Amino acid sequence: MERLVNRRLQALLDQDNRLDPRQYAFLPGRSTDDYFGTLETLLDESLNENRHIEVLSLDLAKAFDKVDRTTIINNLISWDVKGNMIQYIRSFLSNRSIQVQINGYRSSPRPIQTGVPQGSVIAPTLFLIAINSIFQLIPSNINTLIYADDILLISISPFARLARKRLQTALNDGSKTDDHRVGCGIHDGSNNRSLALPADCSVFSAEAYALLNALRNLNPEVGSHVIFTDSASVLNAALTGNLKHPWVSSISDEALSKKVSLVWIPGHAGITGNEAADRLAAEGTKLSPPSLPIPQQGAYRLIKNTLFYAWEAKWSSIQNNKLREIKNSTLRWVDRPNPRERRALTRLRIGHTLLTHSYLMDRKDPPICFSCHCQLTVKHVLINCPIHESLRQFFDIGISLREVLSNCPDEEDKLIKFLQKTGLIYQI
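Reading the values: rules and limits
Residues numbered from 1 in each chain as written. Predicted model: local features only at pLDDT ≥ 70, side-chain atom pairs only at ≥ 80, totals over all residues. Heavy atoms only, no water. Axes fitted to C-alpha atoms, helices over the stretch in contact; angles between N-to-C directions. Helix = DSSP H or I, 4+ residues; strand = E, 2+ residues; numbered from the N terminus. Parallel < 35°, antiparallel > 145°, perpendicular 65-115°, else oblique. Contact = heavy atoms within 4.5 Å. Nonpolar A, V, L, I, M, F, W, Y, C, P; charged D, E, K, R; others polar. Core = buried A, V, L, I, M, F, W, Y, C linked by side-chain atoms within 4.5 Å. Buried < 20%, exposed > 50% of the residue type's maximum accessible area, 1.4 Å probe, protein only. Pairing = 2+ DSSP bridges.

Caption draft 1: Inspection of the packing of helix 3 (residues 69–78) against helix 5 (residues 123–131) at higher detail. Orientation of helix 3 relative to helix 5, taken along the N-to-C sense of each, is 80°, at an axis distance of 8 Å. Relative to helix 5, helix 3 is oriented roughly perpendicular. Counting all contacts with helix 3, which are made through Thr71, Ile72, Asn75 and Leu76, the residues of helix 5 involved are Leu126, Ile129 and Ala130. Of the residues assigned to the contact of helix 3 with helix 5, the class counts are 5 nonpolar, 2 polar and no charged.

Caption draft 2: Structural view of the nonpolar core. In terms of nonpolar packing, the biggest core is built from 28 residues, with Leu9, Ile72, Leu76, Leu126 and Ile129 touching the most fellow members. Those elements giving two or more residues to this core turn out to be helix 1 (2–15), helix 3, helix 4 (84–93) and helix 5. Looking at which element gives the most residues to this core, the answer is helix 5, with 7 residues. When residues no more than four places from it in sequence are discounted, the contact partners of Leu76 are Leu9, Val81, Ile86, Ile89 and Ile129. Formed by 25 residues, the second largest nonpolar core is a distinct cluster that contains Leu195, Ala206, Ala208 and Ala210.

Caption draft 3: Molecular detail of helix 5. Along helix 5, 9 of the 9 residues are buried, which leaves the element largely enclosed by surrounding structure. Residues of helix 5 that are buried: Ala123, Pro124, Thr125, Leu126, Phe127, Leu128, Ile129, Ala130 and Ile131.

Caption draft 4: Representation of the side chain of Thr144 in the model. Mapping Thr144 onto the fold places it in strand 6 (residues 142–147). On the accessibility criterion, Thr144 (3% relative accessible area) is buried.

Caption draft 5: Here's a closer look at the sheet that holds strand 1 (residues 52–59). The strand order across the open sheet built from 3 strands is 1-7-6, with neighbouring strands paired in antiparallel fashion. The sheet is open, and its two edges are formed by strand 1 and strand 6, each paired on a single side. Within this sheet the neighbouring strands show an average axis-to-axis angle of 15°, counted without direction. Direction of pairing for strand 6 relative to strand 7 (residues 150–157): antiparallel, over a ladder of 6 bridges. Residue pairing for strand 7: Thr144 is matched across the bridge by Leu153.

Here's what the structure looks like:
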């Protein structure tokens, strides 16, 4: 029976394209081959365009055991799955319990409030229904691939720092849009509020601002209060005395002066009040931001990012520069520990070596390759000159300066061995 229901459920989901195509597990026509094929294509295209790639792999611990069953039912209802199908699944997930048996002794039944029963035929499909909402939480500028509960987030950009920043932003639970609009929300029964913040505020600041406003607007006629938040980082900062952020400092002061308990709850777990607060925060991003001083951390980040992007733009516009030909970004490369090797690579990358440019100090003519009868340059020595072709092939030296002189450890190792074998290491 369960197998028949599962086939029918998968047919309904496939018919209406309910499950995101970026999920590759437990579905007909999708497999690890498709998953890795998509990943390979994405990476190859990015590398061919000389774009920076940041990849983050996430594995949800005990994912099947922690699935919120309400999310499964709510998703199915929103997809217009009804009748006997929804009744069967509701019954399948309800009133489940476990027992443990050791040495002939069996424990009393314990109810299970979350999760899907592993080992059952329909459980993987129900898990996919529950996790499908995660795609809506990830910004559109992040490439997402998921195989069951293994999540791969891929950020691609011409600038390494921007790629990394996008990935870090995707991990934050907050209300900051791709166009840097920031908002937060407070859900208090009928007294719901959406608030906007200056664009340079971080998600952390937005969460702190929401909590601070909730504290400041408590009804003084009520003896005690409880405030729920899904921001573990703000709570941890306030409770451990990390008061560098002015709004966190104010949270601590407000909480101590009033009868209030601050309670953490998991985000995106189907908790009604928390989901309402998230919607209010999203509405806050649509409002006009107030004239509000931003915290020092936000101002520092603004100045730092402004300078960085100006520097990157200037570097990208430079032409006819030897180092620019092999280095796309202004980000610092990792140096080798050996001084001679480090010095040799630096001189090769800037295109000025003793072999090719010592004539300037001696006031002589530029050196000529005795084999090719052309001027000696770094590119000629490393790429073109036939004298060292056999050793280039032996050490698998690349065919372009960008590849040969990159900061990839494997490429650097091959180049150093090539320079040592040819004796060029002592002429650079």
